[in-house]
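Single-letter residue listing:
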Amino acid sequence: MTPPDFEVGAGELRLAGWKTGRGPAVLLLHGGPGLSDYMDSLVPELADGYTVARFQQRGLAPSTTAGPFDVETHMADTLAVLDGLGLHRPLIIGHSWGGHLLLHLMAAHPDRVGAALVIDPLGAIGDGGEADLSRILGERTTPKAAARSRELDDRALRGEGTDADQIEGLSLVWPGYFAHPAAAPPMPPIEISVACYAGTFESIHLHLERRTLARQLPHISIATTFLLGAESPIPPAHGLATSALIPTAEAKVVPDCGHFVWLEKPGLVRTELDKLRVRAVTGIS
């Protein structure tokens, strides 16, 4: 991991990140929760035309490793990064859990999001697609590997597993995130905080039970685009149902594509971000 370009926070809070490029600001929110930032692979697609900032979410160094680990704290951290970088209403891209976090930010702090590009998120209705994700990843690997991965994931959700266990579990199902598992790229070096993973998912489940997003999203007017992989292990039906809650949202289901849209369809995220920026600037939804 390259040394961070910036650090925000005070006291025990430290949020470290990276910034590059020139042009309108865009903030990236990585998935997980509890994963090390992996969105450096998207930066080259965006940096020629945008100032791209990303940060390591709490749970792992070089950011604060301690909790609390819940949706509210992750939102507060994101706002601290925006404030620290002097960004009032930037474009924000969220992937997977980062997309779900972005939805919460839009609902709770709509004045801080200029436009939102939500890439293959955990949805806002029912379980958001979590059960389908587990089932489909299991179907895309061997029964032995699927059983081992489920065992390790269940242990992590109870807060009982080790970080190494969770990395092992992710590596077993990694190819299943792609439309063509046999041709999946190698899993990048990733670190995992089981404490962050378990605590944040407990908070996510609580909000889904309370229908927090389902109640709040229909009231926002932020230019929003959903990019959903047609072959993602989170079936696009979940993203489409979530996008339908937002009056100003558009949704695009990407054929022959899984969870990591920019790896399987290079250039598409940039194309959709450019379109989204025009919508945000002109007010055309």
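Residues numbered from 1 in each chain as written. Predicted model: local features only at pLDDT ≥ 70, side-chain atom pairs only at ≥ 80, totals over all residues. Heavy atoms only, no water.

## A short note on the packing of aromatic side chains
Counted according to the given criterion, the structure contains nine aromatic pairs. A centroid spacing of 5.3 Å and a plane angle of 65 degrees characterise the contact between Trp 174 and Phe 178, whose relative ring orientation is edge-to-face. Each member of the pair, Trp 174 as well as Phe 178, is classed as buried. Each ring, one from Trp 174 and one from Phe 260, has its centre 5.1 Å from the other, and the planes form 50 degrees; the classification is tilted. One end of the pair, Trp 174, is in the loop between helix H6 (163–173) and helix H7 (194–210); the other, Phe 260, is in the loop between strand S8 (249–254) and helix H10 (261–264), with 86 residues separating them in the sequence. (Phe/Tyr/Trp six-rings, centres within 6.5 Å; stacked < 30°, edge-to-face > 60°. Buried < 20%, exposed > 50% of the residue type's maximum accessible area, 1.4 Å probe, protein only. Helix = DSSP H or I, 4+ residues; strand = E, 2+ residues; numbered from the N terminus.)

## Side note on helix H2 (residues 71–84)
Taking 1.5 Å as the rise per residue, H2 with 14 residues should run 20 Å; its terminal C-alpha atoms sit 20 Å apart, in good agreement. Those residues of H2 that fall on the buried side of the exposure criterion are Val 71, Thr 73, His 74, Met 75, Asp 77, Thr 78, Leu 79, Ala 80, Val 81 and Leu 82. In this structure, the buried side of H2 is in contact with strand S1 (6–8), strand S2 (15–21), strand S3 (25–29), strand S4 (51–55), helix H3 (97–108) and H7. Looking one or two residues past H2, Gly 86 carries a phi angle of roughly 70 degrees, positive in sign. (Expected span 1.5 Å × (residues − 1). Contact = heavy atoms within 4.5 Å.)

## Topic: the pattern of salt bridges
Enumeration according to the criterion identifies 11 salt bridges in this entry. Ionic pairing is found between Asp 132 and Arg 135, a salt bridge with its closest N-O pair at 3.2 Å. Of this pair, Asp 132 and Arg 135 both sit in helix H4 (residues 130–139), separated by three residues, roughly a single helical turn. Exposure remark for Asp 132: the relative accessible area of 21% places this residue in the partly exposed category. When the shortest N-O distance is used, the salt bridge between Arg 148 and Glu 151 registers 3.5 Å. Highlighted residues: Arg 148 and Glu 151, both in helix H5 (residues 143–157), separated by three residues, approximately one helical turn. (Salt bridge = Lys/Arg side-chain N within 4 Å of Asp/Glu carboxyl O.)

## Description of the nonpolar core
Of all hydrophobic cores here, the largest spans 43 residues; its most connected members are Leu 27, Val 81, Leu 102, Leu 103, Met 106, Val 113 and Leu 217. The element contributing the most residues to this core is H3, with seven residues. With near-sequence residues (within four places) excluded, Met 106 lies in contact with Val 113, Ala 116, Ile 220, Ile 222, Thr 224 and Ile 246. Counting 36 residues, the second largest nonpolar core, distinct from the first, contains Val 43, Trp 174, Phe 260 and Val 269. (Core = buried A, V, L, I, M, F, W, Y, C linked by side-chain atoms within 4.5 Å.)

## So, the sheet that holds S1
Taken together, the eight strands give an open sheet; going across it, the order is S1-S2-S4-S3-S5-S6-S7-S8, and neighbouring strands pair in mixed fashion. Where the open sheet ends on each side, the last strands, each with one partner, are S1 and S8. Pairwise comparison of adjacent strand axes, ignoring direction, gives a mean angle of 20 degrees for this sheet. Bridge analysis of S2 against S4 gives five bridges, and the strand direction is antiparallel. Paired with Trp 18 across the strands is Arg 54, a residue of S4. (Pairing = 2+ DSSP bridges. Axes fitted to C-alpha atoms, helices over the stretch in contact; angles between N-to-C directions.)

## Some details on H5
If you check H5, its first and last C-alpha atoms are 21 Å apart, about what 15 residues at 1.5 Å a residue would give, namely 21 Å. Listed in full, the buried residues belonging to H5 are Ala 145, Ala 146, Ser 149, Leu 152 and Ala 156. In a view along the axis of H5, the buried residues occupy a sector of 135 degrees, so they form one face of it. Away from its buried face by more than 90 degrees, H5 exposes Pro 143 and Lys 144. Summarising the contacts, the buried residues of H5 are in contact with H4, H6 and H7. Residue Gly 159 follows H5 closely and has a positive phi angle near 75 degrees. (Arc of directions from axis to C-beta.)

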